[in-house]
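Observations on chain architecture
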Amino acid sequence: MSASSLVAEAVWKAIESAGSVTDDQLSILHFLFGKNLERATRIVDQRGVKRIVGEPSGRSIFQVVGESRRKEEYFCFAEHYCACYSFFYDIVNRGEQLCCKHQLAARLAASLGVCIEDKVSDEQLALVLSKL
């Protein structure tokens with residue numbers, strides 16, 4: 001894990017434990033993620049993050065609204081994967097970013113406890129995951 005990832009992880013844990021974010025934490029995250037953080041905060045402010053939770057397992061995936069006029073929705077795991085183009089181009093192929101704005105929005109919303117929760121059966125969740 002890179003030093004940047006370790007710093008980001010420490011900040012996320014602090015936000016999660018406090019349930020709020022400080023200006024200093026936002027500054028650190030902005031330094032690490034730049035414009036992607038700004039875009040992610042807009043998504044969170046517009047309540048564009050949904051956590052789909054399977055019952056009874058508690059497994060979950062995020063569904064995050066994009067910023068384009070089409071308001072596409074992307075499934076993602078906040079720390080590991082997003083179905084958007086930017087994830088594959090900027091993160092996987094070029095290695096230029098730590099994560100995309102959808103992952104950041106999911107992580108921020110989850111850390112602050114502001115996700116829209118949608119409970120489904122484990123079978124329904126499996127069906128969603130099978131389409132990724």
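Residues numbered from 1 in each chain as written. Predicted model: local features only at pLDDT ≥ 70, side-chain atom pairs only at ≥ 80, totals over all residues. Heavy atoms only, no water.

Together, Phe-77, Leu-129 and Leu-132 make up an exposed nonpolar region whose accessible area comes to about 220 Å². Secondary-structure assignment places Phe-77 in strand β3 (residues 73-77). (Patch = residues over 30% accessible without salt bridge, like charges linked within 9 Å, V, L, I, M, F, W, Y side chains within 5 Å. Areas by Shrake-Rupley, 256 points an atom, 1.4 Å probe, with all protein chains shown as cover. Salt bridge = Lys/Arg side-chain N within 4 Å of Asp/Glu carboxyl O. Helix = DSSP H or I, 4+ residues; strand = E, 2+ residues; numbered from the N terminus.)

Now for the pattern of salt bridges. Counted under the stated rule, the structure contains seven salt bridges. Across the pair Asp-90 and Arg-94 runs a salt bridge whose closest N-O atoms are separated by 3.9 Å. The class of Arg-94 is partly exposed, set by a relative accessible area of 39%. Among the ionic contacts, a cluster of salt bridges with common partners joins Glu-9, Glu-79 and Arg-107. (Buried < 20%, exposed > 50% of the residue type's maximum accessible area, 1.4 Å probe, protein only.)

Let us look at helix α4 (residues 85-93). Restricting attention to buried positions, one finds in α4 the residues Phe-87, Asp-90 and Ile-91. The buried side chains of α4 occupy one side of the element, clustering within an arc of 105 degrees when seen end-on. Facing away from the buried surface of α4 by more than 90 degrees, the exposed residues are Tyr-85 and Asn-93. If you follow the buried residues of α4, they end up packed against β4 (81-82) and α5 (101-112). Phi for Gly-95, located one or two positions after α4, is positive at around 65 degrees. (Arc of directions from axis to C-beta. Contact = heavy atoms within 4.5 Å.)

Counting residues in hydrophobic clusters, the biggest one holds 29 residues, and the most contacted among them are Trp-12, Phe-33, Val-49, Phe-62 and Val-64. Contributions of two or more residues to this core are made by α1 (3-18), α2 (23-33), α3 (35-45), β2 (60-65), β3, α4 and α5. The leading source of residues in this core is α5, at five residues. Setting aside residues up to four positions removed in sequence, Val-64 forms contacts with Ile-43, Gly-48, Val-49, Glu-72, Glu-73, Tyr-74, Cys-76, His-102, Ala-105 and Ala-106. (Core = buried A, V, L, I, M, F, W, Y, C linked by side-chain atoms within 4.5 Å.)

To continue, consider the packing of aromatic side chains. Summed over all chains, the structure comprises four aromatic pairs. Ring geometry for Tyr-81 against Phe-88: centres 6.1 Å apart, planes inclined by 75 degrees, an arrangement best described as edge-to-face. With a relative accessible area of 37%, Phe-88 lands in the partly exposed category. On the numbers, 5.6 Å between centres and 10 degrees between planes, the contact of Tyr-85 with Tyr-89 is stacked. Of this pair, Tyr-85 and Tyr-89 both sit in helix α4, four residues apart, which is roughly one turn of the helix. (Phe/Tyr/Trp six-rings, centres within 6.5 Å; stacked < 30°, edge-to-face > 60°.)

The alternating pattern of β3 places Tyr-74 and Cys-76 on a buried face and Glu-73, Phe-75 and Phe-77 on a face that is not buried. Across four bridges, β2 lies against β3 in antiparallel orientation. Across the sheet, Gln-63 pairs through a bridge with Phe-75, a residue of β3. Here β3 pairs with β4 via two bridges, running antiparallel. Each residue of the ladder has a partner; that of Phe-77, found in β4, is Tyr-81. Here β3 hands over to β4 after three residues, the two strands then running antiparallel side by side. (Pairing = 2+ DSSP bridges.)

Interpretation note: all reported values are geometric properties and have no functional meaning in isolation.
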